[in-house]
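Single-letter residue listing:
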Amino acid sequence: MVLLPTVDNVLYNVQRQGKISFYMTSYGEEATIIGSAAVLAPDDEVLGQYREMGVLLWRGFGIDGIMAQCFGNLEDKSGKGRQMPMHFGSPAHHFHTISSPLATQIPQAAGVGYALRRDPARRHKNVACVYFGEGAASEGDFHAGMLLASTISCPTIFLARNNGFAISTPAHEQYAGDGIAARGPGYGVDTVRVDGNDILAVMNAVAEARRRCLASGRAVLVEAMTYRVGHHSTSDDSFAYRGRQEVENKKKIDNPITRFRLFMESRGWWNDQEEDALKSRLKKDVLTALRKAESLKRSDLRDLFTDVYAGEEPWNLREQREELAGLIRKYGEAWQPWQSELKRFRDEGKRSWTEYVHDALYSRCTCATLSVLSIYFTHADGDVLL
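Quantities reported herein were computed from a predicted structural model and do not represent experimental measurements. (Residues numbered from 1 in each chain as written. Predicted model: local features only at pLDDT ≥ 70, side-chain atom pairs only at ≥ 80, totals over all residues. Heavy atoms only, no water.)

Thoughts on the overall build of the protein chain
Then comes step 1: The helix and strand tally for the protein chain stands at 14 helices and eight strands.
Then comes step 2: The dimensions of the protein chain, computed from C-alpha atoms along their principal axes, are 75 × 50 × 40 Å.
Then comes step 3: Across the 386 residues of the protein chain, 47% fall into the buried class.
Then comes step 4: Sequence separation of at least 24 residues holds for 71% of the intrachain contacts in the protein chain that already meet a minimum separation of 6.
Then comes step 5: About 18,900 Å² of surface is accessible on the protein chain, with carbon and sulfur atoms providing 53% of the total.
Then comes step 6: Averaging the positions of the 47 positive and the 49 negative side-chain charges in the protein chain gives two centres separated by 1 Å. (Helix = DSSP H or I, 4+ residues; strand = E, 2+ residues; numbered from the N terminus. Buried < 20%, exposed > 50% of the residue type's maximum accessible area, 1.4 Å probe, protein only. Contact = heavy atoms within 4.5 Å. Areas by Shrake-Rupley, 256 points an atom, 1.4 Å probe, with all protein chains shown as cover. Lys, Arg positive; Asp, Glu negative; His and termini not counted. Charge placed at Lys NZ, Arg CZ, Asp CG, Glu CD.)

Spelled out as structure tokens, the structure:
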């Protein structure tokens, strides 16, 4: 729970320096995220919204993995640098790739839960857990997901992080009813509301939700009441729609990390010296990972066109790849901005052009013709391209 804001502090400032394009913090919501992650099984399927980086950290994704995705370098296993920062995905950690459109993961999670129930190897063993904010619960996808899960019996935990704001819209303007939990009984879904800033309460609530999912094969709705201390994202200035003092008061009075630290200190399990040592070690680890991520190049430029379709490359991607290859040939060595940008890729764009030449020739020429043409297509240093 201390690692999460440590990473947030560093990457938020890195974004402000222009080194990454975007970032979202989890300030104030650490207990909801880490507490729920702690009681899920490592192979339970997680579908996040965009503040669930802590789930991946809990599951061993690693600080290097976080940095690689945010920088989009060649070690990015989530998307080879093709996704914007904070859009993580990891099959090895049973974490479904995050997508920007709001609430799309909610009906998908009902389907994932249904698939788990139909799989004899995972039935009564695993659940799906979908995270979303109270703002996302205003989308039609929330109701579609809840209806699907309630009617075909899906072992899915719907975990609403009610942090008080849907970007700039406060919760009291989003609904007239009693929050998100009030909607669960209408769908016949077991529901619990929990103090999202009390990590022990979150752990108990989500553990019970998971037990009920497995025992009954049905969905459970959990509403965690918390507060978004940070701005919605690096594209937002929350002080335009809420008072600075309001935020400072929440940080002092109801900080989930402080609450748990004071609890541990009251039991004699923690002290100031251990706290300082932990923060120092974690900051060092994060900065080490940052320096490594900054030093690595991006993945190959040709990866821009891979991993979307199986089998033969479709015509539209082939046309785009041919167009890019032509632009690289035209500007790659003649225009300084292109030269600088291409050097940031591991293959410097060279493989994209040579593979285009190879594929174009292969698709339009016979093997006999290729054997003749190959002697003409050479690098400046004499290496044969084909």
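Here we look at the packing of helix H1 (residues 3–16) against helix H4 (residues 63–71)
Then comes step 1: For the pair H1 and H4, the least separation of the axes is 12 Å and the interaxial angle reads 25 degrees. Here H1 lies roughly parallel to H4, going by the angle between them. In this structure, H1 meets H4 at a crossing whose hand is right-handed. In this structure, H1 uses Leu-3, Val-7, Val-10, Leu-11 and Val-14 to contact H4, whose residues at the interface are Ile-63, Ile-66, Met-67, Cys-70 and Phe-71.
Then comes step 2: Among the residues making up the contact of H1 with H4, the classes are represented as 10 nonpolar, no polar and no charged. (Axes fitted to C-alpha atoms, helices over the stretch in contact; angles between N-to-C directions. Parallel < 35°, antiparallel > 145°, perpendicular 65-115°, else oblique. Left-handed = near helix turned anticlockwise from the far one by under 90°. Nonpolar A, V, L, I, M, F, W, Y, C, P; charged D, E, K, R; others polar.)

Things to note about the nonpolar core
Then comes step 1: Grouped together as the largest cluster of nonpolar side chains are 56 residues, with contacts concentrated most on Leu-11, Tyr-23, Met-53, Ile-66, Met-67, Phe-88 and Ile-157.
Then comes step 2: Sorting elements by how many residues they give to this core places helix H7 (residues 199–216) first, with seven residues.
Then comes step 3: Look past the residues within four positions of Phe-88 in its chain and what remains in contact with it is Met-53, Leu-56, Phe-61, Ile-66, Gln-69, Cys-70, Ser-78, Phe-95, His-96, Thr-97 and Ile-98.
Then comes step 4: Judged by nonpolar contacts, the second largest core, of 24 residues, contains Leu-116, Phe-132, Ala-136 and Ile-180. (Core = buried A, V, L, I, M, F, W, Y, C linked by side-chain atoms within 4.5 Å.)

Here's the deal with the sheet that holds strand E2 (residues 95–96)
Then comes step 1: Strand order in the open sheet formed by six strands is E2-E1-E3-E4-E8-E7, with parallel pairing between adjacent strands. Both outer strands of the open sheet, E2 and strand E7 (190–195), are each paired with one neighbouring strand and no more.
Then comes step 2: As paired strands, strand E1 (residues 45–47) and strand E3 (residues 128–133) are joined by three bridges and run parallel to one another. Bridge assignment links Val-46 to a residue of E3, and that residue is Cys-129. (Pairing = 2+ DSSP bridges.)

Here we look at unusual backbone geometry
Glycine aside, residues mostly have negative phi, and peptide bonds are mostly found in the trans state.
Then comes step 1: Phi is positive for Lys-80, close to 55 degrees, though the residue is something other than glycine.
Then comes step 2: Within the secondary structure, Lys-80 is located in the loop between H4 and E2.
Then comes step 3: Backbone geometry places His-94, a non-glycine residue, at a positive phi of 55 degrees.
Then comes step 4: Mapping His-94 onto the fold places it in the loop between H4 and E2.

What to know about the environment of Ile-66
Then comes step 1: One can find Ile-66 in helix H4.
Then comes step 2: With a relative accessible area of 0%, Ile-66 lands in the buried category.
Then comes step 3: Setting aside chain neighbours within four positions, we find Ile-66 in contact with Val-7, Leu-11, Met-53, Leu-57, Phe-61 and Phe-88.

In short, shape yes, function no, at least from these values alone.
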